Amino acid sequence: MERFRDHARTYSARAAAYGVDLDRLAAGQAPYVMIITCSDARLVPALITGSRPGDLFELRTHGGTVPRFDPEDPSGEAATIEFAIEGLRIADIIICGHSHCEAVGSAGTAGDITAAGHWHVVQQLDVLSDYPCVAPRLVDGTLRLHAWFHEIGTGHAPAPARRQRLPPALRTRPSRAEPRARRGRHRRAERVSSVVPAARRGAPTMVG
Ligand SMILES: [Zn+2]
């Protein structure tokens, strides 16, 4: 703990050495990408992306799980997403899953845990794309969703598997009773999940 405390106390000097303008940051934030990812300590978005202070707006939860939008029971995650989109006018959201995720493992998933992790990312995209603040921006093209997956053991970043390549046990299909509009949202989530992360302002990409 002392090591962290001492490091924090010298932050301003290191920021100056790395050209971080703390006065500019104090004037307000204007991040251009939001990342939704797991709280896992092994996953450090700034290290992975090469982002600097002010670049990346983060939402971290256990498993990077996005709760379904419920106007009767608004969640902190929903408030954070709405602020990013409506307050900060974020135009790109990355959902980044990772290997060896306890949240995915504890879900009792049978079969290939890596495929389950990829599938988890696609599920979060699907949920996110249903948010009232997200759906219209996807339709008018002012918001892009990106699916990333980080391999803890190698640092590699393969694109999440497409739904059709997942093992049959992990696939879900819309039921016959499911409304046509819902099936359409499934297709939309699949489409946006295959997008390679945008490289606005030269931000590095993980998926190549
Ligand atoms: Zn995790």
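Residues numbered from 1 in each chain as written. Predicted model: local features only at pLDDT ≥ 70, side-chain atom pairs only at ≥ 80, totals over all residues. Heavy atoms only, no water.

## A closer look at the coordination of the zinc ion
- Ligation of the zinc ion by protein atoms is provided by C38 (SG), H98 (NE2) and C101 (SG), these donors lying 2.0 to 2.2 Å from the ion.
- All donors to the zinc ion come from one chain, and their sequence spacing reads C-x59-H-x2-C. One end of the pair, C38, is in strand β1 (residues 33-38); the other, H98, is in strand β3 (residues 92-98), and 60 residues separate them in sequence. There is no split in this pair, since C38 and H98 are both buried. (Donors = N, O, S within 2.8 Å, 3.2 Å for Na, K, Ca; no water. Helix = DSSP H or I, 4+ residues; strand = E, 2+ residues; numbered from the N terminus. Buried < 20%, exposed > 50% of the residue type's maximum accessible area, 1.4 Å probe, protein only.)

## Some thoughts on unusual backbone geometry
- Unusually for a residue other than glycine, R89 sits at a positive phi of about 55 degrees.
- In this fold, R89 is placed in the loop between α5 (76-87) and β3.
- For R89, a relative accessible area of 53% corresponds to the exposed category.
- Of note, H100 is a non-glycine position whose phi angle comes to about 55 degrees, a positive value.
- Take H100: it is sitting in the loop between β3 and α6 (102-105).

## Remarks on the packing of aromatic side chains
- Evaluation of the coordinates by the stated rule reveals two aromatic pairs.
- Note on F57 and F83: the rings are 5.9 Å apart at their centroids and 55 degrees apart in plane angle, and the pair reads as tilted. One end of the pair, F57, is in strand β2 (residues 56-61); the other, F83, is in helix α5, with 26 residues separating them in the sequence.
- Residue classification places F57 among the buried residues on the basis of a relative accessible area of 12%.
- Using a relative accessible area of 40% as the deciding quantity, one classes F83 as partly exposed. (Phe/Tyr/Trp six-rings, centres within 6.5 Å; stacked < 30°, edge-to-face > 60°.)

## Structural notes on the pairing of β3
- Burial analysis of β3 places seven of its seven residues in the buried class, the great majority of the element.
- Residues D92, I94, C96 and H98 of β3 are buried on one face, and the alternating residues I93, I95 and G97, pointing to the opposite face, are buried as well.
- Sheet topology places β1 next to β3; four bridges connect them, and they run parallel. The residue bridging I36 from the neighbouring strand is I95, located in β3.
- As judged from the seven bridges shared by β3 and strand β4 (residues 144-150), these two strands associate in the parallel manner. Bridge pairing in β4 links D92 to R144. (Pairing = 2+ DSSP bridges.)

## Some points on the side chain of D55
- Locating D55 in the fold gives a position in the loop between α4 (45-49) and β2.
- We classify D55 as buried; its relative accessible area is 15%.

## Concerning the pattern of salt bridges
- For the structure shown, the criterion picks out five salt bridges.
- Between D40 and R42 there is a salt bridge, and its shortest N-O distance comes to 2.7 Å.
- Given a relative accessible area of 41%, R42 falls into the partly exposed group.
- The partner of E102 in a salt bridge is R42, and the shortest N-O contact between them spans 3.8 Å. Remark: R42 occurs in the loop between β1 and α4 and E102 occurs in helix α6; sequence separation between them is 60 residues.
- One salt-bridge network, in which partners are shared between bridges, spans D40, R42 and E102. (Salt bridge = Lys/Arg side-chain N within 4 Å of Asp/Glu carboxyl O.)

## Thoughts on the environment of V104
- Looking at the element boundaries, V104 is found in helix α6.
- Along the backbone, V104 and T65 are 39 residues apart, and their C-alpha atoms lie at a distance of 9.7 Å.

## Quick notes on helix α7 (residues 113-129)
- Here α7 contains 17 residues, and its C-alpha end-to-end distance of 24 Å stays within 8% of the 24 Å for a straight helix at 1.5 Å per residue.
- Burial analysis of α7 places 14 of its 17 residues in the buried class, the great majority of the element. (Expected span 1.5 Å × (residues − 1).)

## Description of the nonpolar core
- One finds M34, I36, I81, I93, L128 and V134 to be the most contacted residues of the largest nonpolar core, which totals 25 residues.
- Of all the elements in the fold, those that place two or more residues in this core are β1, β2, α5, β3, α7 and β4.
- Among residues more than four places away in sequence, those in contact with L128 are I36, V66, I81, I93, I95, V134 and L145.
- Counting seven residues, the second largest nonpolar core, distinct from the first, contains V33, I35, C96 and W148. (Core = buried A, V, L, I, M, F, W, Y, C linked by side-chain atoms within 4.5 Å. Contact = heavy atoms within 4.5 Å.)

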